Amino acid sequence: MTKYIFVTGGVVSGIGKGISAAAIGQLLKRHGYKVSMQKLDPYLNVDPGTMSPFQHGEVFVTQDGKETDLDLGHYERFIDEHLTKYSSVTSGQIYEEVIHKERRGDYLGHTVQVIPHVTDMIKEKLHRMAESSHADIVITEIGGTVGDIESLPFIEAIRQFRRDIGYKNTYYLHTTLIPYIQATNEYKTKPTQHSLKELRSLGIHADGVLLRSDAPLDQGIIDKVALLGDMDTSSVFTSHDVDVLYEVILSYHKQQLTSHILNHFGLTITACDISPWQTLIQKMNHANKTLNVGMVGKYVGLHDAYFSLIEALEHAGYDVETRIHIVWIDAEALDTVEDKLASVDGIVVPGGFGVRATEGKIRAIKYAREHNVPFLGICFGMQLAVVEFARNVLGLEGAHSTELDPKTPHPVIDIQRGRLEDEDLGGTLRLGASETHIIKDTLMHDIYQQDVILERHRHRYEVNPKYHDAFKQSDMSFSSFDESGTLAESAEMKHHPFFIGVQFHPEFLSRPLKPHPLFKAFIQAMEKSK
């Protein structure tokens, strides 16, 4: 039977529950168990697809096309498994499905209530996760903080779940903050005591507690939390801030956190080889070169909006013992874009939507093209590279995307064929993994060394096929297409050190121990051009 780990949070949000859960998942996988992960988010949006990045950071897209919370990116990067639509559950989804069932008459006239109807739907999602993934262990993170009104149905559902499937098949891990009070020069356990008490008042007694802090905690703190939290000291673990994110894996392994969990489940504690992570961290600590990458976007004030992209660049950099320094360039500050680009080794124009900051991005693309600076355009970045080339090289004055200028005389970027202009924004894009067929003797083929690849997409517009011929005799070529052979998946320049834009999101498939080939090629091009 599948075992379940439920990760809750206390005191404050944003203390790294997702990272902790993912690190535990990686260790359990190294013990030889099949692991999958799930996030229960208490907000009423059906998914984060229509939420502003300023509200919620990037939208992470799964292999099967689900728009999800950025925590799922952490999960995938740590456990190196493709997650699915069942890995992301929101209150919005739960209530939507319950109301649909009520409207169909599935409840046979009963009064529909939070308990049992909403909690039953949540439990159904937990079972579906196990059935679809065939995992030995499912790790489920409950978003928010214990005590929040929004998350109460989720807490009640996981309380009931232990009664449904048994004590030995469920493990509650509470992640909580131990704040440092500078005035008195001491760490305070009182917020954690109250958080554990709040959890118990909701019917859940934590099997383990993970104490987050800015620095290592002494044994006295651990003993005090155990005593006042009504648990053994062997059930209390620490997680202080680290210089390298992946050091948490080593820390949890040293504390035998997963051994404690496996003991609880009655599962065999097999050997756990963490040497690949030790090697990676060594590389990161000994990186003696630095490359400056200009990230030209409109959400530069919130770096979480580009989290997977930053991670993918760093994965490729550390693979060759090189630090990646992101130079954040606000594409709305038109007058300073070119000046800031003068100091960078490469330029990235990431994905995005909407007209704001578009001209600044186009200026950056033009700079990269004219100054032979390595360039990588992602999704919208590729589309704007096509727009820039059409305007300034092919002489198609006023060329643009119909998303941004519906009356453009040269719609080189247009809505995908078969889509409606007035369709709902949520869930209507081209989403998830699909085949890309690469043309031989191109930069794309040199990078991937494959004829057909699978990459994840999230877009509604495409290069207008009516303009493909206009590019054929130029220095820009379309080097890969979808299964139909008509939707351009990449654009590259023939006489440039490295200039490539892709319609997909390669950053979603990059892993710390397996950097993505496109980012590796970009890093190599910057090193060569420097």
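Our structure's up above, just so we're on the same page.
About the thresholds
Residues numbered from 1 in each chain as written. Predicted model: local features only at pLDDT ≥ 70, side-chain atom pairs only at ≥ 80, totals over all residues. Heavy atoms only, no water. Helix = DSSP H or I, 4+ residues; strand = E, 2+ residues; numbered from the N terminus. Rg over C-alpha atoms; globule rule 2.2 N^0.38 Å. Buried < 20%, exposed > 50% of the residue type's maximum accessible area, 1.4 Å probe, protein only. Areas by Shrake-Rupley, 256 points an atom, 1.4 Å probe, with all protein chains shown as cover. Lys, Arg positive; Asp, Glu negative; His and termini not counted. Charge placed at Lys NZ, Arg CZ, Asp CG, Glu CD. Salt bridge = Lys/Arg side-chain N within 4 Å of Asp/Glu carboxyl O. Axes fitted to C-alpha atoms, helices over the stretch in contact; angles between N-to-C directions. Parallel < 35°, antiparallel > 145°, perpendicular 65-115°, else oblique. Contact = heavy atoms within 4.5 Å. Nonpolar A, V, L, I, M, F, W, Y, C, P; charged D, E, K, R; others polar. Expected span 1.5 Å × (residues − 1). Pairing = 2+ DSSP bridges. Core = buried A, V, L, I, M, F, W, Y, C linked by side-chain atoms within 4.5 Å.

(A) Quick peek at the overall build of the chain. In terms of regular secondary structure, the chain is built from 18 helices and 23 strands. Relative to the globule expectation of 24 Å for 530 residues, the C-alpha radius of gyration of the chain, 25 Å, shows essentially globular dimensions. Counting only C-alpha atoms and orienting by the principal axes, one finds that the chain spans roughly 75 × 65 × 45 Å. Here the chain holds 530 residues, and the buried ones make up 57% of them. Total accessible area on the chain is roughly 21,800 Å²; 49% of this is exposed by carbon and sulfur atoms. With 53 positive and 71 negative side-chain charges, the chain shows a separation of 3 Å between the mean positions of the two kinds.

(B) Region of interest: the pattern of salt bridges. Summed over all chains, the structure comprises 31 salt bridges. Here E311 and R77 are joined by a salt bridge, their closest N and O atoms 4.0 Å apart. One end of the pair, E311, is in helix α12 (residues 307-319); the other, R77, is in helix α3 (residues 71-79), with 234 residues separating them in the sequence. The exposure class of R77 is buried, given its relative accessible area of 3%. Linked by salt bridges that have partners in common, E76, D80, R456, R511 and K514 make up one network.

(C) Examining the packing of helix α14 (residues 358-370) against helix α15 (residues 380-392) more closely. The interhelical angle for the contact between α14 and α15, taken along N-to-C directions, is 70 degrees, at an axis separation of 9 Å. As far as their axial angle goes, α15 and α14 are roughly perpendicular. Across the interface between the two elements, T358, E359, K361, I362, I365, K366 and R369 from α14 touch F380, G381, L384, A385, V387, E388, F389, R391 and N392 from α15. Counted by class, the contact of α14 with α15 contains seven nonpolar, three polar and six charged residues.

(D) Representation of helix α5 (residues 114-133) in the model. Given a rise of 1.5 Å per residue, 20 residues ought to cover 28 Å, and the 27 Å separating the end C-alpha atoms of α5 matches this to within 8%. Considered for burial, the residues of α5 that qualify are H117, V118, T119, M121, I122, K123, K125, L126, M129, A130 and S133. Where the residues of α5 are buried, they touch β1 (3-10), β2 (35-41), β5 (88-90), α4 (91-104), β6 (137-142) and α6 (152-165). Looking one or two places after α5, you find H134, whose phi comes out positive at around 55 degrees.

(E) Region of the structure containing the sheet that holds strand β23 (residues 499-502). Strand order across the open sheet formed by nine strands is β13-β12-β14-β15-β23-β22-β21-β18-β19, with mixed pairing between neighbours. Taken across any chain shown, the strands that pair with only one partner, and hence form the sheet edges, are β13 (322-330) and β19 (452-459). Within this sheet the neighbouring strands show an average axis-to-axis angle of 30 degrees, counted without direction. Pairing of strand β18 (residues 430-438) with strand β21 (residues 476-481) involves two bridges; the strand directions are antiparallel. Its bridge partner being in β21, H437 is matched across the sheet by F481. Sitting on the sheet, α12 touches β12 (289-297), β13, β14 (346-349) and β15 (375-378), and the angle it makes with β13 is about 150 degrees. Across the sheet, α14 is in contact with β12, β14, β15, β22 (488-493) and β23; its angle to β14 comes to roughly 145 degrees.

(F) Quick peek at unusual backbone geometry. Of note, the amide linkage connecting I115 to P116 takes the cis form, showing an omega dihedral of 20 degrees. Tracing the backbone through its elements, the reader meets P116 in helix α5. Its identity is not glycine, yet D441 carries a phi of approximately 60 degrees, on the positive side. Along the polypeptide, D441 turns up in the loop between β18 and α16 (443-448). Its relative accessible area of 78% is what places D441 among the exposed residues. Phi is positive for Q449, which is not a glycine, with a value near 55 degrees. Following the sequence through the fold, Q449 ends up in the loop between α16 and β19.

(G) How the structure looks around the packing of helix α1 (residues 17-30) against helix α10 (residues 257-265). For the pair α1 and α10, the least separation of the axes is 10 Å and the interaxial angle reads 70 degrees. Between α1 and α10, the angle is such that the two are roughly perpendicular. Between α1, through I24, L27 and L28, and α10, the contact on the second element is made entirely by L257, T258, I261 and L262. Tallied by class, the residues present in the contact of α1 with α10 amount to six nonpolar, one polar and no charged.

(H) Geometry of the environment of Y171. Tracing the backbone shows Y171 in strand β7 (residues 170-177). With 167 residues separating them in the primary sequence, Y171 and Y4 have C-alpha atoms 6.3 Å apart.

(I) Representation of the nonpolar core. Judged by nonpolar contacts, the single largest core of 43 residues is most densely connected at I5, I24, F78 and I139. If you tally residues by element for this core, the top one is α1, at seven residues. Of all hydrophobic cores here, the second largest spans 42 residues; its members include A331, A357, V386 and L404.

(J) Spotlight on the pairing of β2. Counting buried positions over the seven residues of β2 gives seven, a clear majority of the element. Residues V35, M37, K39 and D41 line one face of β2 and the alternating positions S36, Q38 and L40 line the opposite face, and both faces are buried. With six bridges joining them, β2 and β6 adopt parallel strand pairing. Looking at β6, one finds that S36 is bridged to V138.

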